[in-house]
Amino acid sequence: MKLVFAGTPEAAVPSLTTLLGSRHEVAAVATRPDARSGRGRRLSPSPVAQAAEEAGVEVLKPEKASDPDFLDRLRAIAPDCCPVVAYGALLRQEALDIPEHGWVNLHFSLLPQWRGAAPVQHAVLHGDDLTGAATFRIEPDLDSGPVFGTVVERIGPRDTSGDLLARLAESGADLLLRTLDGIESGELQPRPQGDDGVTYAPKLTAADAEVDFTAPAMRVDRLIRACTPAPGAWTTFRGERLKLGPVRPVTDADALPPGRLGVAKDRVFAGTATHPVELGEVQPQGKRPMPAVDWARGVRPTDEDVLSAT
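So, here is what we can say about the structure in this document. (Residues numbered from 1 in each chain as written. Predicted model: local features only at pLDDT ≥ 70, side-chain atom pairs only at ≥ 80, totals over all residues. Heavy atoms only, no water.)

1. Details of the overall build of the chain
Where we set the bar: A run of H or I in DSSP becomes a helix once it reaches four residues, and a run of E becomes a strand once it reaches two; helices and strands are each numbered from the N terminus. Three exposure classes are used, based on accessible area relative to the maximum for each residue type with a 1.4 Å probe and protein chains only: buried under 20%, partly exposed in between, and exposed over 50%. In this description, contact between two residues means that some pair of their heavy atoms is separated by no more than 4.5 Å. Reported accessibility uses the Shrake-Rupley method at a 1.4 Å probe radius. Residues are deemed covered only where the shown protein chains occlude them. Residues scored as charged are limited to Lys and Arg (positive) and Asp and Glu (negative), so that His and the chain ends carry no count. Charge positions come from single atoms, namely NZ of Lys, CZ of Arg, CG of Asp or CD of Glu.
Scanning the chain from terminus to terminus reveals 8 helices and 17 strands. With the C-alpha coordinates aligned to their principal axes, the bounding extent of the chain is approximately 70 × 45 × 30 Å. Here the chain holds 310 residues, and 49% of them are scored as buried. The contacts of the chain with a sequence gap of at least 6 include a subset with a gap of at least 24, amounting to 64%. Taken as a whole, the chain presents about 15200 Å² of accessible surface, with 48% of it coming from carbon and sulfur. Averaging the positions of the 34 positive and the 43 negative side-chain charges in the chain gives two centres separated by 6 Å.

Structural data, given as structure tokens:
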């Protein structure tokens, strides 16, 4: 089939690469416009745009998917199907009607669970044992279209959102290709999602990523892993923001009041509402990430110092 692939972040690149190596023709790629990133705040193309340009594929960067010039170009290309992976723009009916086989989205959850922008983060945050990826035909309502297929992935006890998304991006790419093959042959028909088990996964903001050490250790652990690498978990220490890498709940350390720090020879602990957590990597404001032990040697926390909410 002739395809126009739509995607933006790094997690979409494995799917694009897989389709470029398949028998299908990727005639063009649609992605979000260049965005400012890095310390210099320079305009940079999306990871999908970079991959497409390296492969010599036409790249379309509409401000909105409803832009008339973009829709005209889609009609001129006349794709049979438009596979989508984390594109990040709203698709209106006018765009959905262009390809004969519609727009087929690879979503990183087992629909109808965790519809929305941050399914992997919410699966980690809520302590799910299993997650996965699903391909479905896009409809105007949020992630509600009929499902073509799924793959299942177990969530490990130390998985961050980044770890899990990296695995799902690879297994999901194979699922997307199998889905397109089945659509082409006519052997694969989507099944409507059920009404039971619908949950939503809104985007996690920096405010959501603030760690409350008056919560149980399990909650602290899950929140930090869910927010790693983005938007990045944080707390405050002596009035300044301190970014936190993944922690580890421990039962072999002395109890500490919530937020109170305990420093051993080669370990740093923080109290929670239950048992302490061992800090891993931290990043003080304006500095590079460092092991918590090195940070603690420099700041020399006292009994008056706590990791606290703003």
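Don't stop here, the text continues.
2. Considering the layout of surface pockets
Quick reminder of the rule: Residues are called lining when one of their atoms sits within 4 Å of a cavity or pocket point, these points coming from a 1 Å grid over the protein atoms alone, where a cavity is a set in which a 1.4 Å probe fits but cannot get out and a pocket is an open set with protein on both sides within 12 Å along at least five of seven lines. Grid points are joined across faces, edges and corners, and a volume is the space filled by probe spheres set on the points.
Looking at the largest pocket, its volume works out to about 1200 Å³. Lining the largest pocket are 39 residues, and of these A86, G88, G116, A117 and A118 sit closest to its centre. When contributions to the lining of the largest pocket are tallied by element, the ones reaching two or more residues are β7 (103-107), α5 (119-125) and α6 (161-185).

3. Examining the environment of A233
One can find A233 in strand β10 (residues 233-237). The exposure class assigned to A233 is buried, which follows from its relative accessible area of 1%. Counting along the chain gives 10 residues from A233 to L223, while the straight-line C-alpha distance between them is 7.5 Å. Those residues within four positions of A233 in sequence are excluded, and the remaining contacts are A209, V211, I224, C227, L242, K243 and L244.

4. Re the sheet that holds strand β12 (residues 248-249)
What counts, and what does not: Any two strands between which DSSP finds at least two bridges are classified as paired.
Read from one edge of the open sheet, 4 strands run β12-β15-β14-β13, paired in antiparallel fashion. Each of the sheet's edge strands pairs with one partner strand only, and the pair in question is β12 and β13 (261-263). Pairing between β13 and strand β14 (residues 268-270): 3 bridges, direction antiparallel. What sits directly across from L261, in β14, is A270.

5. As for the pairing of strand β16 (residues 281-284)
Of the two faces of β16, only one is covered, namely that formed by V282 and P284; the face formed by E281 and Q283 stays uncovered. Two elements, strand β11 (residues 240-244) and β16, share 3 bridges in a ladder whose sense is antiparallel. Residue pairing for β16: K243 is matched across the bridge by Q283. In terms of strand pairing, β16 meets strand β17 (residues 290-291) through 2 bridges, oriented antiparallel. Its bridge partner being in β17, V282 is matched across the sheet by M290. Between β16 and β17, which follow one another and run antiparallel, lie 5 residues, and G286 among them has a positive phi close to 80°.

6. Remarks on the pattern of salt bridges
When charged atoms on two side chains of opposite charge get close, those side chains can pair. Definition in use: Put simply, a salt bridge is a Lys or Arg side-chain nitrogen that is within 4 Å of an Asp or Glu carboxyl oxygen.
Scanning all chains against the criterion turns up 15 salt bridges. The salt bridge involving R23 is made with D181; its shortest N-O contact spans 3.6 Å. On the criterion of sequence distance, the pair formed by R23 in the loop between α1 (13-20) and β2 (25-30) and D181 in helix α6 is long-range, its members being 158 residues apart. Here R225 makes a salt bridge to D221, at a shortest N to O gap of 3.1 Å. One end of the pair, R225, and the other, D221, are both in helix α7 (residues 217-226), 4 residues apart, so they sit about a helical turn from each other. You can call D221 buried: its relative accessible area is 6%.

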